[in-house]
Amino acid sequence: MDKIRIIGGKELHGTVKISGAKNATLPLMTACLLSEQPLTLTNVPHLADVTTMATLLASLGVVIGMDGSETNDNGHHGRVLSLDAGNIAFTKADYELVRKMRASVLVLGPLLARCGKAMVSLPGGCAIGTRPVDLHIQAMEALGAKIELQDGYMHANAPNGLIGSEIEFPFVSVGATENALMAASLAKGRTIIHNAAREPEITDLVRCLNAMGAKIFGVNSDTLIIDGVSKLHKAIHNICADRIEAGTYAVAAAICGGELTLQGINESDIEALVSKLKDCGVKITASNNNITVKKDGHIKATHITTAPFPGFPTDLQAQMMTLMTLAEGESEITETIFENRFMHVPELMRMGADIKVDGSKAIVKGVKQLKGAQVMATDLRASVSLVLAGLAANGETVVNRIYHLDRGYEHLEEKLSACGASIERIRG
């Protein structure tokens with residue numbers, strides 16, 4: 001199994017091109033199931049989760065084509081993925097594929113809307129909490145589908161098609177909002193989604209669906225209105241930049257020192273993080289779709305509470321905690337989204353961090369120095385938090401079980417090495 005070896009203490013200088021967003025790419029890929037005509041996605045990141053989703057879609061009959069890197073007629077750069085769901089041969093999403101990645105559940109809505117039936121395994125993914133599919137089921141049932149859970153699968157049927165309705169989520173769910181949006185796009189009549197997620201990835205999905213011929217209104221608000229259409233058509237869509245990757249490199253600059261320019265990201269997409277970093281004394285400037293991050297003196301402690309967008313992202317909590325281990329003073333980090341998202345804490349403590357966990361809160365007392373150690377990654381964002389700790393630590397750090405990293409970070413070692421980090425992958 002691969003490992004990452006880091007010699008800490010190097011400042012970072014240079015420019016990092018931010019990749020297409022993983023959390024936008026996966027639902028966008030499933031949107032191809034809604035149309036008989038091809039969907040072309042550009043700025044597609046090279047990630048294990050993208051490969052898993054492509055394999056799942058291919059198992060349903062989607063014809064997939066990939067260009068390594070090109071500029072298309074719209075001037076978009078990066079990998080180009082074509083998805084042709086003209087002939088959906090199967091409507092079963094098998095356990096062996098779905099267990100690897102929770103986002104696989106996003107085939108449920110499109111299959112129901114297009115084919116009137118779906119059999120989808122209950123999903124897997126990172127072990128950061130239960131993350132039940134109840135809201136996905138609730139949304140599909142509100143649109144008229146009948147769903148039974150049997151032998152680890154969701155058996156969903158809507159033989160007469162989906163019917164527009166009002167969907168009221170009891171709490172914000174990005175995945176359930178995405179499934180509901182796609183299903184409602186082909187439902188008969190109007191659907192109104194209340195308490196919808198507002199993440200930039202939701203906005204990106206709406207942009208793509210509307211380009212395919214959907215009629216969705218209320219983007220960037222918590223109330224989405226969808227007037228169902230009979231069919232969608234082909235489209236070309238450029239995937240938005242990965243705000244979590246951008247935030248991770250912003251924290252890297254803050255924890256290591258030096259200066260990094262993050263290319264292709266808007267400050268508004270990571271405003272909650274930018275605000276906290278500025279509170280910590282980090283200097284941040286933004287212009288022309290770029291953000292420059294520079295450590296400006298000592299890092300000050302701050303308090304963080306995760307929340308749905310536009311609040312502080314749960315996907316940046318572990319990274320920010322790592323920064324707080326070296327801050328002056330005491331920080332309090334409260335996790336409100338996932339109940340098991342402090343699994344990186346014992347590993348950070350192996351490196352000399354002073355952290356105490358009390359339920360959903362972690363109290364972090366800054367120390368002067370982290371020490372390199374052998375550590376074990378437990379989930380995607382925990383993995384990268386340990387890489388950040390290793391970059392700042394004194395001596396050698398080896399991060400084990402890094403397959404999680406390959407699910408969400410494109411060319412991590414190469415991007416960091418190009419900016420001066422001493423980091424390498426050890427093949428196992």
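Note that the coordinates shown come from a computational prediction; the quantities given were computed from them, not determined experimentally.

The next point concerns the sheet that holds strand 10 (residues 166-168). The strand order 10-11-13-12 describes an open sheet built from 4 strands, whose pairing is mixed. Two strands lie at the open edges of the sheet, namely strand 10 and strand 12 (215-217), each paired on one side alone. When the angles between neighbouring strand axes are averaged without regard to direction, this sheet yields 15°.

Under the definition given, this model contains 0 disulfides. In this structure Cys280 is not part of a disulfide, and its nearest cysteine sulfur, from Cys256, lies 15 Å away. For the unlinked cysteine Cys419, the closest cysteine sulfur is that of Cys256, found at 10 Å.

Residue Pro310 follows Phe309 across a cis peptide bond; omega there is 15°. Within the chain, Asn195 stands out as a residue other than glycine whose phi angle is a positive 60°. Along the chain, Asn195 turns up in the loop between strand 11 (190-194) and helix 7 (200-211). Its identity as a non-glycine residue notwithstanding, Asn220 has a phi of 75°, on the positive side. Residue placement: Asn220 occurs in the loop between strand 12 and strand 13 (223-227).

Here we come to the nonpolar core. Judged by nonpolar contacts, the single largest core of 78 residues is most densely connected at Met29, Leu33, Leu57, Leu181 and Leu209. Contacts of Leu57, omitting those with residues within four sequence positions, involve Met29, Thr30, Cys32, Leu33, Val62, Ile64, Leu83 and Val107. In this structure, Ile6, Val274, Val375 and Leu388 belong to the second largest nonpolar core, which totals 68 residues.

Turning our eyes to something else, we now look at the packing of helix 1 (residues 22-30) against helix 2 (residues 48-60). Where helix 1 meets helix 2, the closest approach of the two axes is 10 Å, and the angle between their N-to-C directions is 5°. Considering their axes alone, helix 1 and helix 2 lie roughly parallel with respect to each other. Contacts from Lys22, Thr25, Leu26, Met29 and Thr30 in helix 1 reach Asp49, Val50, Met53, Ala54 and Leu57 in helix 2.

The next thing to look at is the confidence of the model for the protein chain. On average, residues of the protein chain score 93 in pLDDT, and 95% of them are at 70 or above. Confidence drops under a pLDDT of 50 for residues 71-76, and excluding neighbours within four residues, the segment shows 8 contacts in the predicted structure. Predicted confidence is poor over residues 125-131, with pLDDT under 50, and the contacts of this stretch with residues over four places away or in other chains come to 23 contacts.

This part covers the sheet that holds strand 9 (residues 153-157). Strand order across the open sheet formed by 4 strands is 6-7-9-8, with mixed pairing between neighbours. The outermost strands of the open sheet, each flanked by one partner alone, are strand 6 (92-93) and strand 8 (146-150). Bridge count between strand 6 and strand 7 (residues 117-121): 2 bridges; the pairing is parallel. From the neighbouring strand, Lys92 faces strand 7, where its bridge partner is Met119.

What follows deals with the side chain of Thr397. Position of Thr397 relative to the elements: it lies in strand 23 (residues 396-400). Beyond its immediate stretch of four places on either side in the chain, Thr397 contacts Ile4, Arg5, Ile6, Met351, Gly372, Ala373, Val375 and Gly390.

Thresholds, definitions, all that
Along each chain, the written sequence defines residue order, and numbers are assigned to residues from 1. Local features in this predicted model are restricted to residues of pLDDT 70 or higher, and side-chain atom pairs are both shown and tallied only at a pLDDT of 80 or more, whereas totals for entire chains, interfaces and linings draw on every residue. Computation of side-chain values: all heavy atoms of the structure, hydrogens and water removed. When DSSP finds two or more bridges between two strands, those strands count as paired. A run of DSSP states H or I qualifies as a helix once it reaches four residues; a run of E qualifies as a strand once it reaches two. Both are numbered from the N-terminal end. Axis lines are fitted through C-alpha atoms, for helices just across the contact stretch, and the angle between N-to-C directions can take any value from 0 to 180 degrees. In plain terms, two cysteine sulfur atoms within 2.5 Å form what is called a disulfide here. Nonpolar core, defined: a set of buried Ala, Val, Leu, Ile, Met, Phe, Trp, Tyr and Cys residues in which side-chain atoms within 4.5 Å join the residues together. We call a residue buried when its accessible area falls under 20% of the maximum for its residue type, exposed when it is over 50%, and partly exposed in between, using a 1.4 Å probe and counting protein chains only. Here, two residues are considered to be in contact whenever any of their heavy atoms come within 4.5 Å of each other. Put simply, angles under 35 degrees are roughly parallel, angles over 145 are roughly antiparallel, angles from 65 to 115 are roughly perpendicular, and the rest are oblique. Here pLDDT means the predictor's own confidence in every residue, given as a number from 0 to 100.

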